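Given next are the chains, with one letter for each unit.
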Amino acid sequence: MTFHLQTMTKRIEAAQGASFLDELNTNWNDHNKALQMIRDILMYMDRTFIPSTHKTTVHELGLNLWRDYVIRSSKIQQRLLNAVLELIHKERTGEVINRGLMRNIIKMLTDLGPAVYQEDFEKPFLEVSADFYRAESQEFIECSDCADYLKKAERRLNEEIERVSHYLDAKTEAKITNVVEKEMIANHMTRLVHMENSGLVKMLGDDKSEDLARMYNLFRRVPDGLSTIRDVMTSHIRDTGKQLVTDPEKSKNPVEFVETLLEKRDKYDKIISLAFINDKTFQNALNSSFEYFINLNPRSPEYISLFVDDKLRKGLKGVKEEEIEVILDKVMMLFRYLQEKDVFEKYYKQHLAKRLLSGKTVSDDAERSLIVKLKTECGYQFTSKLEGMFTDMKTSQDTMHGFYAAHGAELGNGPTLVVQVLTTGSWPTQSSNTCNLPAEISSLCEKFRSYYLGTHTGRRLSWQTNMGTADLRATFGNGQKEIEQATCIPSSDLKRCLQSLACVKGKHVLRKEPMSKDIGEDDAFSVNDKFTSKLRKVKIGTVVAQKETEPEKQETRQRVEEDRKPQIEAAIVRIMKSRRVLDHNNIISEVTKQLQSRFLANPGEIKKRIESLIERDFLERDNVDRRLYRYLA
């Protein structure tokens, strides 16, 4: 067999050019057939003699001889490797090659054993491939934008996977794809994501979902690939978000401000869904980014409440129930990002009160749905007062039915009165502003007071005229009637009322001198005799400030700070009751943690509350370590 193979080797060595691999393949096939026949003839020897003497079987012996005298012949070994690698290079550069012949040659190497395939082909093949893709990637990146480069990288990766399936050993797939990934992706990641006018930031800005998906799928194959995308995306969202919430122009209109936030959120939700297969780590990065920049604007809680107010007053008219739920869910998503949830609660309660008392809420179901969502998110304590407001509205209706049932006959055709009786603790605190009501209304109010206190014991009524509305019948023209009352309404409220009567287009019930949008101290007003309207009933609402003025904002903030004090003290007492002894830093840490679902407690304020509790004998300082506190039962 050795002599025969030496003759064969000379034939193969003599083959020139492209016929070399054909000659090798033909002789290999002949050798294989001969081996099978010899194995069949010597089958008995293979089964009995070979195992007992621990010698090599006939077939294996034939393969070893082919390996040593043909494949590893000094004139064939390198030539074979060069020929195979040259064909692969031709295929990579677009030429068509004989894949059947390649499959046979590679199969021959694998049949000779893993060591032959790996040492004589796979190892040099991977080295040459690394050089090829290193050079090609450098060439591509200099002349392509990010999207085109990624398309080329993806195509090369798929080509190598296809090549393995056609004629290489299956175990080579992981190794060759690793080479392509390293040379074409890992080595250029940073440059690709930061490419000017085409990198990740540009793709995010232009909603290039297909390109982003390609980047995600390629980068996830290499170490730190996804974290590279995630870090750049997070940085971009935080920067653009910060610009948005700190831009005075963008903050002028609270509703537009929140709508812009929601559009931004929808945009990135869509990208993460379509391009990043809802990757949880990307969703977490998006959430942390929104939480970061929303809280940079101290007015975010107020603006989100104003957005809700706008939607529940008029923005949801004619909108389907499912769509309302979607909008409310989006509001809740922004609410979760707020660190000062108690500030939102304060504004939301004020706005809800105005909607309920003016009868301007679009849907009771939508109002209740949002309260249920807030209750689920923050617990019963957060919404108990809000639910109490709805209860008061329902009870007030029953009270008015009872009042008119008792006094309807004696009231005759005079003014009618609708009273909402509000429980002090459930509704936002309002200063009781004086207002001199007309005599007819005053007497009616007194009748109601007598009726109400007669049916309820131990209660006290305090009129909040500034929270009410009035329907007034008037005749204009020919100077028939002119009503002038000393109202005693506070300046800021009076200005808003006069603005509504004199400055709203199409509703100039009063004339104003000089004519301007703002109300000045020296402005003069008179009844507009020429006022006409096609409508029998003209509705004039008080001009509502879209957002609080600076003094109002300060007042709200002060009320919030006051409301926080008992909550901080309660948290300190709960912790100390459980722990008995605790040092200063741990109290600060645990109180902050306990209250973070409602607001971010200020360490300075916690310290003041501790001092207050010490003064009232709830806590005491340790005599030795002054930073250690003890709970006094």
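Before reading further, recall that the structure is shown in the block above.
Residues numbered from 1 in each chain as written. Predicted model: local features only at pLDDT ≥ 70, side-chain atom pairs only at ≥ 80, totals over all residues. Heavy atoms only, no water.

Student: In this structure, what is going on with the overall build of the protein? I would like to understand it.
Tutor: Across its full length, the protein holds 25 helices and five strands. Excluding contacts between residues fewer than 6 apart, the proportion of contacts in the protein whose partners are at least 24 apart in sequence is 70%. Within the structure as shown, the protein displays about 35,800 Å² of accessible surface, and the carbon and sulfur contribution to it stands at 50%. (Helix = DSSP H or I, 4+ residues; strand = E, 2+ residues; numbered from the N terminus. Contact = heavy atoms within 4.5 Å. Areas by Shrake-Rupley, 256 points an atom, 1.4 Å probe, with all protein chains shown as cover.)

Student: Looking at this structure, how should I read the packing of helix H1 (residues 2-14) against helix H2 (residues 19-41)?
Tutor: Any two packed helices are characterised by how steeply their axes cross, that is the angle between the axes, and by the distance between the axes. Their axes nearest at 9 Å, the elements H1 and H2 cross at an angle of 160 degrees. Between H1 and H2, the crossing angle belongs to the class labelled roughly antiparallel. Both H1 and H2 take part in a crossing whose hand is right-handed. Across from Leu 5, Met 8, Arg 11 and Ile 12 in H1, the residues of H2 making contact are Phe 20, Glu 23, Leu 24, Asn 27, Asp 30 and His 31. (Axes fitted to C-alpha atoms, helices over the stretch in contact; angles between N-to-C directions. Parallel < 35°, antiparallel > 145°, perpendicular 65-115°, else oblique. Left-handed = near helix turned anticlockwise from the far one by under 90°.)

Student: Sorry if this is basic, but what is going on with the pattern of salt bridges here?
Tutor: Between side chains of opposite charge, a pair can form as their charged atoms come close. All chains considered together, the criterion is met by 52 salt bridges. Salt-bridge contacts for Asp 269 lead to Arg 265; the nearest nitrogen and oxygen are separated by 3.1 Å. On the criterion of helical spacing, the pair formed by Asp 269 and Arg 265 is a turn pair, its members being four residues apart in helix H14 (residues 254-274). Between Lys 330 and Asp 266 there is a salt bridge, with the nearest N and O atoms lying 2.8 Å from each other. Of this pair, Lys 330 sits in helix H17 (residues 321-337) while Asp 266 sits in helix H14, and the two are 64 residues apart along the sequence. Here Asp 266 falls in the partly exposed class, since its relative accessible area comes to 32%. Sharing partners across several salt bridges, the network here consists of Glu 91, Arg 92, Arg 99, Glu 160, Glu 162 and Arg 163. (Salt bridge = Lys/Arg side-chain N within 4 Å of Asp/Glu carboxyl O. Buried < 20%, exposed > 50% of the residue type's maximum accessible area, 1.4 Å probe, protein only.)

Student: Would you mind showing me how to read unusual backbone geometry here?
Tutor: What is expected of a backbone is that most residues other than glycine have negative phi and most peptide bonds are trans. The residue His 54 is not glycine, and still its phi comes out positive at about 55 degrees. For His 54, the location among the structural elements is in the loop between helix H3 (43-53) and helix H4 (58-71). On the accessibility criterion, His 54 (73% relative accessible area) is exposed. Phi at Asp 207 is positive, roughly 55 degrees, even though this residue is not glycine.

Student: Help me out: how do you make sense of empty space enclosed by the protein in this one?
Tutor: A water-sized probe, rolled over the atoms, reveals where empty space remains. Within the structure shown, the criterion is met by one cavity of 30 Å³ or more. The computed volume of the largest cavity comes to approximately 50 Å³. What lines the largest cavity is simply Ile 71, Gln 77, Leu 80, Leu 81, Val 84, Leu 109, Asp 120 and Phe 121. Only helix H5 (77-92) and helix H7 (114-143) provide two or more residues apiece to the lining of the largest cavity. Here the lining of the largest cavity takes four residues from H5, the largest share from any one element. When grouped by side-chain class, the residues that make up the lining of the largest cavity number six nonpolar, one polar and one charged. (1 Å grid on protein atoms, 1.4 Å probe; cavity = no way out; pocket = protein on both sides within 12 Å on 5 of 7 lines; lining within 4 Å. Points joined across faces, edges and corners; volume = space filled by probe spheres on them. Nonpolar A, V, L, I, M, F, W, Y, C, P; charged D, E, K, R; others polar.)

Student: Honestly, the nonpolar core in this entry has me stumped. Any pointers?
Tutor: The nonpolar side chains of a soluble globular protein tend to be buried, and buried together. With 81 residues, the main nonpolar core has Met 215, Phe 219, Phe 276, Tyr 348 and Leu 374 as its most contacted residues. Once you skip the residues sitting within four places of it in the chain, Met 215 turns out to touch Cys 146, Leu 150, Val 193, Leu 200, Met 203 and Ile 229. In terms of nonpolar packing, the next biggest core, distinct from the first, is built from 41 residues, Leu 21, Ile 76, Met 102 and Val 164 among them. (Core = buried A, V, L, I, M, F, W, Y, C linked by side-chain atoms within 4.5 Å.)

Student: Sorry, what's going on with the packing of aromatic side chains here?
Tutor: Geometrically, a pair of aromatic rings is defined through the distance of the ring centres and the angle of the planes. Inspection of the entire model under this criterion finds 18 aromatic pairs. Ring plane angle 75 degrees and centroid distance 5.2 Å describe the contact between Phe 257 and Tyr 303, whose orientation is recorded as edge-to-face. Linking Phe 257 in helix H14 with Tyr 303 in helix H16 (residues 300-315), this pair joins segments that are 46 residues apart in sequence. Cluster of aromatic residues (ring-pair linked, three or more members): Phe 403, Tyr 404, Phe 448, Tyr 451, Tyr 452 and Trp 463. Lying over the aromatic face of Tyr 292, Arg 238 brings its terminal NZ or CZ to 4.7 Å of the ring centre. Directly above the aromatic system of Phe 335 lies the positively charged group of Lys 341, at a separation of 5.7 Å from the ring centroid. (Phe/Tyr/Trp six-rings, centres within 6.5 Å; stacked < 30°, edge-to-face > 60°. Lys NZ or Arg CZ within 6 Å of the ring centre and 35° of its normal.)

Student: Help me out: how do you make sense of the pairing of strand E1 (residues 510-513) in this one?
Tutor: Along a regular strand, successive side chains alternate from one face of the sheet to the other. Only one face of E1 is buried: it carries Leu 510 and Lys 512, and the other face, with Arg 511 and Glu 513, is open. Sheet topology note: the E1/strand E2 (residues 524-527) ladder contains four bridges and is antiparallel. Within E2, the residue paired with Lys 512 across the bridge is Phe 525. (Pairing = 2+ DSSP bridges.)

Student: Help me understand the sheet that holds strand E5 (residues 628-631), please; the structure alone is not making it clear to me.
Tutor: In sheet architecture, strand pairing relies on hydrogen bonds along the backbone and comes in two forms, parallel and antiparallel. Ordered by their spatial adjacency, three strands build an open sheet running E3-E5-E4, and the pairing between neighbours is antiparallel. The outermost strands of the open sheet, each flanked by one partner alone, are strand E3 (581-583) and strand E4 (619-621). Averaged over all adjacent pairs, the angle separating strand axes in this sheet is 30 degrees, with direction ignored. Two strands pair when backbone bridges link them, and E4 and E5 are joined in this way by three bridges, in the antiparallel orientation. Within the sheet, the bridge partner assigned to Glu 620 lies in E5 and is Arg 630. Against the sheet, helix H24 (residues 584-595) makes contact with E3 and E5, and its axis sits at roughly 95 degrees relative to E3, the strand it touches most.

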